[in-house]
Every structure is written in C-alpha cells, then in structure tokens.
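Architecture at a glance
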Amino acid sequence: MAAMATVPSYTPSLWVRMCHALPRLDLTMTMRDNLFIPDSWEYQQTLLVLSSLSAIALVLSLLVIISFLIHYCCCRRGDRSEGSEEEEEDEEGSTGHGYGGKKGRGICCVTWVSVAAVTLCCVAIGVGFYGNSEANDGIYQLTSSLLTANYTLASIDLLVSDTISGLQLSIAGPLTTMEELFTGSKPYLVSTRNCRRLSENVVFLLTSLTTARSSDGGAWNSSNNSGDPPIAALTPVPPSMAPTVAPVGGVMPSPFSPGWAANTLMVNEDYRWLSYVLLLLLDLLVCLFILLGLAKQARWLLILMTVLAWLALFLSWGSLGLETATVVAVSDFCTDPNTFVLNSTHFNSGTSSDVLDYYLTCSRRMNSPFQQLLTQSQRALSSIHTHLSSLDRNALPQVPKAEKSLREVQQILNATEGNFHQLVALLNCRGLNKDYIDSLKGLCYDGMEGLLYLSLYSFLSALAFTAILCSLPGAWRSFPSDSEEYEDSDSESEDPFTSHQDSKRFLQWQPWL
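A brief look at the structure comes next. All values reported here derive from a predicted model rather than from experimental measurement.

What follows covers unusual backbone geometry. Within the chain, Met29 stands out as a residue other than glycine whose phi angle is a positive 60°. With respect to the helices, strands and loops of the structure, Met29 is situated in the loop between helix 1 (14–20) and helix 2 (41–82). Residue Met29 is classed as exposed on the basis of its relative accessible area, which comes to 54%. Its identity as a non-glycine residue notwithstanding, Cys362 has a phi of 50°, on the positive side. Within the secondary structure layout, Cys362 lies in the loop between helix 11 (353–361) and helix 12 (371–398). On the accessibility criterion, Cys362 (0% relative accessible area) is buried.

On to a nonpolar patch on the surface, then. A contiguous nonpolar surface patch, about 480 Å² in accessible area, is contributed by Leu53, Ile56, Val59, Leu60 and Leu63. Examined against the element boundaries, Leu60 turns out to sit in helix 2.

Moving on: empty space enclosed by the protein. For the coordinates displayed, the defined rule picks out two cavities of 30 Å³ or more. Considered as a void within the structure, the second largest cavity measures approximately 40 Å³ in volume. Taken together, Leu167, Ser170, Leu175, Ser199, Ile384, Val409, Ile412 and Leu413 form the lining of the second largest cavity. Elements that contribute at least two residues to the lining of the second largest cavity include exactly helix 4 (101–172) and helix 13 (403–427). Among the elements that line the lining of the second largest cavity, the one with the most residues is helix 13, at three residues. The residue makeup of the lining of the second largest cavity, split by class, is six nonpolar, two polar and no charged.

A word on the packing of aromatic side chains. In total, this model carries 10 aromatic pairs according to the counting rule given. Both rings, one in Phe36 and one in Phe340, keep their centres 4.9 Å apart while their planes meet at 70°; by these two values the pair is edge-to-face. Here the residue Phe36 occupies a position in the loop between helix 1 and helix 2, and Phe340 occupies one in helix 9 (residues 337–343), the gap between them amounting to 304 residues. Per residue, the accessibility class of Phe36 equals that of Phe340, and both read buried.

So, about the state of the cysteines. Think of a disulfide as a covalent bridge from one cysteine sulfur atom to another cysteine sulfur atom. By the definition in use, this model includes two disulfides. The side chain of Cys334 participates in a disulfide bridge whose partner is Cys444; the two sulfur atoms lie 1.9 Å from each other. A torsion of -85° about the S-S bond marks the disulfide between Cys334 and Cys444 as left-handed. Separated by 110 residues along the polypeptide, Cys334 in helix 8 (residues 299–335) and Cys444 in helix 14 (residues 429–478) bring together distant segments of the chain. Both residues of the pair, Cys334 and Cys444, belong to the buried class. Here Cys362 is linked by a disulfide to Cys429, with a sulfur-sulfur distance of 2.1 Å. On the sign convention where negative means left-handed, the S-S torsion of about 65° between Cys362 and Cys429 marks this disulfide as right-handed. Here Cys362 is found in the loop between helix 11 and helix 12, whereas its partner Cys429 is found in helix 14, with 67 residues between them in sequence. What makes Cys429 buried here is its relative accessible area of 3%.

To continue, consider the pattern of salt bridges. Scanning the entire structure with this criterion turns up seven salt bridges. For Arg24, the salt bridge identified is with Asp332, shortest N-O distance 2.7 Å. Of this pair, Arg24 sits in the loop between helix 1 and helix 2 while Asp332 sits in helix 8, and the two are 308 residues apart along the sequence. The exposure class of Arg24 is buried, given its relative accessible area of 1%. Overall, Asp332 belongs to the buried group, its relative accessible area being 3%. The residue Asp392 makes a salt bridge to Arg407 at a minimum N-O spacing of 3.5 Å. Here Arg407 lies in helix 13 and Asp392 lies in helix 12, a separation of 15 residues in the sequence. The exposure class of Asp392 is partly exposed, given its relative accessible area of 28%.

What counts and how
In every chain, residue numbers begin from 1 and rise along the written sequence. Where totals are concerned, whole chains, interfaces and linings use all residues; where local detail is concerned, this predicted model gives features only for residues with pLDDT of at least 70, and gives and counts side-chain atom pairs only at 80 or more. To obtain the side-chain values, all non-hydrogen atoms of the structure were used and water was disregarded. By the criteria applied, helices consist of DSSP H or I runs no shorter than four residues and strands consist of E runs no shorter than two, each listed in order from the N terminus. Burial status follows relative accessibility: with a 1.4 Å probe on protein chains alone, a residue under 20% of its type maximum counts as buried, one over 50% as exposed, and anything between as partly exposed. Each patch groups residues whose relative accessible area exceeds 30% and which form no salt bridge, using 9 Å between like charges and 5 Å between nonpolar side chains of Val, Leu, Ile, Met, Phe, Trp and Tyr. Residue exposure ignores everything except the shown protein chains as possible cover, and the areas themselves are Shrake-Rupley values with a 1.4 Å probe. Salt bridge criterion: a side-chain nitrogen from Lys or Arg within 4 Å of a carboxyl oxygen from Asp or Glu. In this analysis, the protein atoms alone were mapped onto a 1 Å grid. Cavities are point sets where a 1.4 Å probe fits without being able to get out; pockets are open sets with protein on both sides within 12 Å along at least five of seven lines; lining residues have an atom within 4 Å of a point. Grid points are joined across faces, edges and corners, and a volume is the space filled by probe spheres set on the points. Amino acid classes used here: Ala, Val, Leu, Ile, Met, Phe, Trp, Tyr, Cys and Pro are nonpolar; Asp, Glu, Lys and Arg are charged; the rest, including Gly, are polar. Pairing of aromatic side chains here covers Phe, Tyr and the six-membered ring of Trp, requires ring centres within 6.5 Å, and sorts the geometry by plane angle: under 30 degrees stacked, over 60 edge-to-face, intermediate tilted. Defined by distance alone, a disulfide is two cysteine sulfur atoms within 2.5 Å.

What follows is the structure in structure tokens.
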C-alpha cells in the first residue's frame, strides 16, 4: 500500500501471509482462489472445508478414547483372572492400604499420565487467556479507529450543514433586504445580486459534496428548516454519540457506516470475550478438580469431572473449527484490504471509487477529488467578501439603512469562512487514512495474533482432554471403594492380636511410660 510519509504504512505480517497461502478446497475437492469474497458461496465452501478439519480431529479423538475405554472395560478383566495369583503375592508384600507390584505400578503410571495431561491443559489455559486479551485489544483498536473516522465524517457533515444553513439564511434574509434597499442604485444592486448568485453557487457545491454521504453521516440535512442556525462554528458531538445508521434486522447498511460497524463489533466482541472467559474458567475448574480427585482418591469427583471433560473436549474442537475459519478469512482480507473495499458494493455504494482510493492510499501523486470543488467555493467566498467590502465603502454612505443587513451578511460570511477552513483540513486524506491504517493494524496485527493464540489453546486443550479421558477411567477404577475400606477397617478392629501387637510396639517406643 502506498501511503504518505507522515502516515504509518501497513504491510501484511508473516502470519497473515502464511495463513493466506494455505490451499483452498471446496466441497467438491476442487482448488479455489484465496481472494476474500465473503458473499461468494465458493469462498464460503473453502472455509467450511477448513473448519471440517477440526471435526475430523474430533472423530479421531473419540476413536482413541473409545479404544482405551474398551481396553479398561474388557481387557483388564482377563488380566485380573489370569494374574490373580500374582496379585495375591503382591498384596502380601504390600503394607497398609497401599498398592504393590504390578497394580501399584499401573496406578502410578495412570496417575502421572493424568497429571501430565492436566498440566498441559493448564498451559493451554494460560495461552488462551493471553490470546483472548490480544484479540480483545485488536478489536478495541479497530472499533476506536472506526469511531474516530465516524467522528471525522460527522464533523464534515456538520460543518457543511452549518455553512449551507448560514448561506441560505443570508440569501433569504439580509441579501433580499439589501436588494430592496438598492433598487434605485443599479451598481449596488448588481453587486448584491452577484453576492446572492455566488452564495447559491457555494450552496450547490457543498450540497454535491455531502450527497455521497447523505445516508452515511446520519441525520444531517442539507438545509435547516427549524429556524435560524447559530452563526459560530458548531462543535461536533463526541465519537460515541456520532450519528449512525440504525440497521433494520441487523443487515449491513448501504453505504457503509463506520459508526454502525463499530457498535456492531463492540457488541459482538463483548459476547465473544465473555464466551471465551467462561470456556477457560470451565477448563480451569475441571483441571483443578481432577487434581483434587486424584489426590483424595475420590471416585465420584473424578466421574463428575470425566463428564465435564467430555463437554470441554467437544467445545475445544468446535472452537478450533471456528477459529480456523476466522483466521483464514481475516488473513485473506488483511493481505489486500484495499481491493476488497474498492470492489465491495457496501463501501462504494453512493461513493465514487476515486474518493475511496484517495482516502485508502493517500498518495502524494494523487490529487484530492474535492480540490476543484473546494477551489471554486473558496473563490466564490472571496468574491462575496470583495463585493461586500465594496458595498461597505461606497453604498453605506448613500444608503445607511442597509448597514444592519450588510453587517449580518458579513457576520455570516466570516463564520462561513471559518467553517470552510476547518472543512478543508478535515477533507484531507491524512486523518481518515490514519484511522484506516490503525484499524487494519488492530485487526491484522493484534487481532490476528490473538486468534492464532486462541487456536493454539483450543488445539492443546483438545489434546489434553483427550489424554485425560483416556487415563481417568483407569485411575478411578483402581481406587479402593468405600466397601473395601470399610471391610479392611472392620477386619483390623476385630483382630485382637493385631491390636495387641500394635499396642505393644507403641509402648516400646515410649521410654517415659
């Protein structure tokens, strides 16, 4: 993108180029272009195919988990019947409620696999929190830039509206009065009519300026019929209160409104951020309670966490599919955003491509499309000022009644020139182009990075929960049940010799007794 030296340039990042280079297949397994055309069904098919990869990974995860469940449910029964004598020898060599031999080694292995999987899940949760924060920062920068651009457009429309209203007021009021007073003097009447003609010409030029944004800027009309407008330059409303188009049924307005886009993004981002926070907290609670269940050997707690781990597994693979499609779509847009904006009917409806290209590129070699209009308006205002100065010098001594009307016209002209200078500065491409570049950086740098971290989180958490679901059944099946612990405690309490020997050992270790 060619940009002015005073405006930071934008170049696609390495991650954007890598994701944009991914091959695209439609539902018929035919290669497609990677051009960002969101309204095209062929392009949507490529995103669906990429999202379906997570569904395939989910099926593989389910097959792995089912194979382990079959192993625990079926194969271990045969191992117990064949190795019952070995287990009895292991139990004789063990003391207390501990486990010895092969059984103890099996439980230890399963437990450590569960702990390692939970540790991987905790790492994934940390990555997810960071990615969620980065994505939120990127969307916040994007919405801030859109609101700033909407503020600029609203300021332009407000200045134009104020200027047109002031000129129309001067035409309908003091200039008409001056024409009536100068009826008997032809030179003064000609100068007054020239002021009227030039004022009408400026009104026409400024009205053509706002025609392209009549739907985008909101409720600013080209004329004010409610009464006399203020003479001084009006102060625009804050960006958050800038006028926006209220879409019907959530459909994107045409032409594109930055304020509407910013408000829509903020609402959707709030829901997205909250959804990921809840998902991360769910994963964190599952991991913590799994560790607690392993430490306490609470079978009921691990069974409950197993059910929640199934839910987290499906959510992880599902979020990975959505993130994959979003990352690819964002990378396609960020590779060449100008082409999409120029070719999209939502952006160029009612706005010429020259105007869009002027603000998107802001090149030194490109002339402003408003240059001729502004030059003609400036010359007309200067001519009006010259005619009014001539009338002030020559006509007022002869017709003193025209002084009040002449002063009103001069006051309106001074306010109009002040508004016009502000309008020239706002119509320069540097301000809106900077907002455009900042919005691209927010979406394509921070937002893209956050989405990639969230994709990594989803992938790692899915792997971790797959390992957890494979190991937890073996862990809680190996824990002693409550009935076994109760029988052990009863047998020890009913054995008088065991209790007598334990009391004798206790007394031997107490020299003061």
